[in-house]
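Listed below are the residues making up each chain.
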Amino acid sequence: MGVKYWVAVLGLGLSLATALPLRAADLPSYNLSVKDGRFMPEKLEVPAGQKFKLIVRNEGSGPEEFESSDLNREKIITAGKSAVIFIGPLKPGTYGFYGEFHPKTARGQIVAK
Amino acid sequence: MLATAIIVFREVLEAALVIGIVLAATQGLARRNVWVSLGIVAGIAGAGLVALFADVISAALAGAGQEVFNSGILLFAVVMLGWHNVWMRRHGREMAQQMRDVGQAIKVGDRSMYMLAVVVGLAVLREGSEVVLFLYGIAVAQQDSSRLMISGGLLGLLSGAAMGLLMYRGLLRISSRYLFTVTTWLITLLAAGMAAQAAGFLTQADLLPPLVQSMWDTSSILAQSSIPGRVLQTLVGYVDHPNGMQVLFYAATLVSIAVLMRLYGNAPSTKVQTVNALGT
């Protein structure tokens, strides 16, 4: 496996990355902020049966990881940045999420109605 | 301190298990430890870089950078793992013969370790970058004194490594007649699980449709967020409520590796026969 092989692998990876359709879907979006181990709001209501964008803004001084096993989602958000996470459509119910880097205090729920 | 240790442990666990399996799969190969160490060192360096450029990665590709990056790394590791299985199936016997000669053993070891060293490096890079970001966060927020943070981090790292060691030692207890079959299966399942994880990232970024939101839900029996859940997630790709795309990726990887091993794994090696013929 020489240089050619790696060039091919890299080329394939890059073309895949750029060819992916980056759909800026017009979905409803909901905002959440996290600051030093606390989410705001800690309870977020969303309509059930509809896909939506969750925009999580990290207003704290350090990075945080939004994580939810209920929603099957995980994403790191560095300080001062926002992250978009696509969720749903959800069945009616309560879905917990937490900040992996502050699992004791950073906890919240998404309630789909 | 304990909180720090637990979080670091959870992150280190996956990489440690991967290393444990790789070590068992390469038992007896010359310079194996050199290759695995190289993988770990490169992974740690990579983890630092990824953490340093976390902002850039996240902002890339209209905000989908992190998901594409993670899934890219996972899928690359899947290819390496699959390739390793095919390669070992094809050259295993030839290797066993060549390994009697010390000089040959080193060459053979290098050839077969190459792909798995990359897998080790990628696993360390992915999990390690999260550890680096997490520790950086603690340092910035000054929640803990730096001494507590370092001891917590070390405790987590050591316990994670201990799990990897347990995995390795456990596998070595298997009779050497079956060890190769077992590690081949473990590597296949590892690959399938990584593919499912990659599919999860791509659906999260809305680049792939989930097909079905939740194929089943076994979170009440074994939660994925629990430590046993995490271990099983790494080993066999356990997801407590996977979406359709994850199941599809999982199955496709299992089938692809099995088919490729059949198609390309059994070709007779004429080279060895010639060498043997010349030798006698």
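Quick notes on the rules
Residues numbered from 1 in each chain as written. Chains lettered and ligands numbered in written order. Predicted model: local features only at pLDDT ≥ 70, side-chain atom pairs only at ≥ 80, totals over all residues. Helix = DSSP H or I, 4+ residues; strand = E, 2+ residues; numbered from the N terminus. Buried ≥ 20, exposed ≤ 12 C-beta atoms within 10 Å, placed from the backbone. Contact = placed C-beta atoms within 7 Å. Arc of directions from axis to C-beta. Pairing = 2+ DSSP bridges. Nonpolar A, V, L, I, M, F, W, Y, C, P; charged D, E, K, R; others polar. Axes fitted to C-alpha atoms, helices over the stretch in contact; angles between N-to-C directions. Core = buried A, V, L, I, M, F, W, Y, C linked by C-beta atoms within 7 Å. Left-handed = near helix turned anticlockwise from the far one by under 90°.

A. Region of interest: the overall build of chain B. Helix and strand counts for chain B come out as ten helices and zero strands. When the helices and strands of chain B are listed from N to C terminus, the series reads α-α-α-α-α-α-α-α-α-α. Over its C-alpha atoms, taken along the principal directions, chain B stretches across nearly 70 × 45 × 40 Å. When the 280 residues of chain B are sorted by exposure, 45% land in the buried category. Considering only intrachain contacts with a sequence separation of at least 6, the fraction spanning at least 24 residues in chain B is 83%.

B. Spotlight on helix H8 (residues 227–236) of chain B. All names here are of chain B. Among the residues making up H8, those that are buried are Arg230, Gln233 and Thr234. The buried side chains of H8 occupy one side of the element, clustering within an arc of 90 degrees when seen end-on. Tucked into the core, H8 has its buried residues touching helix H1 (2–25) and helix H7 (176–204). One or two steps after H8, the chain reaches Gly237, where phi turns positive at roughly 80 degrees.

C. Representation of the pairing of strand S9 (residues 107–112) of chain A. Residues and elements named next belong to chain A. On S9, burial follows the alternation: Gly108, Ile110 and Ala112 on one face are buried, whereas Arg107, Gln109 and Val111 on the facing-out side are not. As paired strands, strand S3 (residues 43–46) and S9 are joined by four bridges and run parallel to one another. Bridge pairing in S9 links Leu44 to Ile110. Note that strand S8 (residues 93–99) and S9 share six bridges and pair antiparallel. Looking at the pairing, Thr94 lines up with Val111 of S9.

D. The arrangement of the interface of chain A and chain B in detail. Each partner contributes residues to the interface: chain A has 26 residues there, and chain B has 32 residues. Listing elements by their share of the side of chain A that touches chain B, those giving two or more residues are helix H1 (3–19), strand S6 (73–77) and strand S7 (82–87) of chain A. Per element, the largest residue contribution to the side of chain A that touches chain B is four residues, and it comes from S7 of chain A. Here the residues of the side of chain A that touches chain B are counted per class, giving 13 nonpolar, six polar and seven charged.

E. Highlighting the sheet that holds S8 of chain A. Residue and element names in this part refer to chain A. Reading across from one edge, S3-S9-S8-S5-S6 is the order of the five strands in this open sheet, with mixed pairing throughout. With partners counted over all chains shown, the strands left at the sheet margins are S3 and S6, one partner each. Here the average twist between neighbouring strands, direction ignored, is 20 degrees.

F. Local environment of the nonpolar core. The biggest cluster of nonpolar side chains holds 97 residues, and the ones touching the most others in it are Val18, Ile21, Ala77, Val119 and Ala195 of chain B. When residues no more than four places from it in sequence are discounted, the contact partners of Ala195 of chain B are Leu75, Val78, Phe249, Tyr250 and Thr253 of chain B.

G. Region of interest: unusual backbone geometry. All names here are of chain A. Across the junction of Met40 and Pro41, the peptide omega takes the value -10 degrees, indicating a cis bond. With respect to the helices and strands, the residue Pro41 is situated in the loop between strand S2 (38–40) and S3. A cis amide bond links Gly88 to the next residue, Pro89, at an omega of 0 degrees. Relative to the assigned elements, Pro89 resides in the loop between S7 and S8. Unusually for a residue other than glycine, Asn72 sits at a positive phi of about 65 degrees.

H. Main features of the packing of helix H2 (residues 32–52) of chain B against helix H5 (residues 102–141) of chain B. Residues and elements named next belong to chain B. Remark: H2 packs on H5, axes separated minimally by 6 Å, with the N-to-C direction vectors making an angle of 35 degrees. Here H2 and H5 pass one another in a crossing that is right-handed. Partitioned by chemical class, the residues of the contact of H2 with H5 number 20 nonpolar, eight polar and one charged.

I. Here's a closer look at the environment of Gly72 of chain B. All names here are of chain B. Structurally, Gly72 is set in helix H4 (residues 65–98). When the 18 C-beta atoms within 10 Å are taken as the criterion, Gly72 is described as partly exposed. When the C-alpha positions of Gly72 and Val108 are compared, they lie 29 Å apart, and in sequence the two are 36 residues distant.

J. Main features of the sheet that holds S7 of chain A. All names here are of chain A. With respect to topology, four strands assemble into an open sheet ordered S2-S1-S4-S7, the strand pairing being mixed. Only two strands of the sheet have a single partner each, and these edge strands are S2 and S7. Mean inter-strand twist for the sheet, computed between neighbouring axes without regard to direction, equals 25 degrees.

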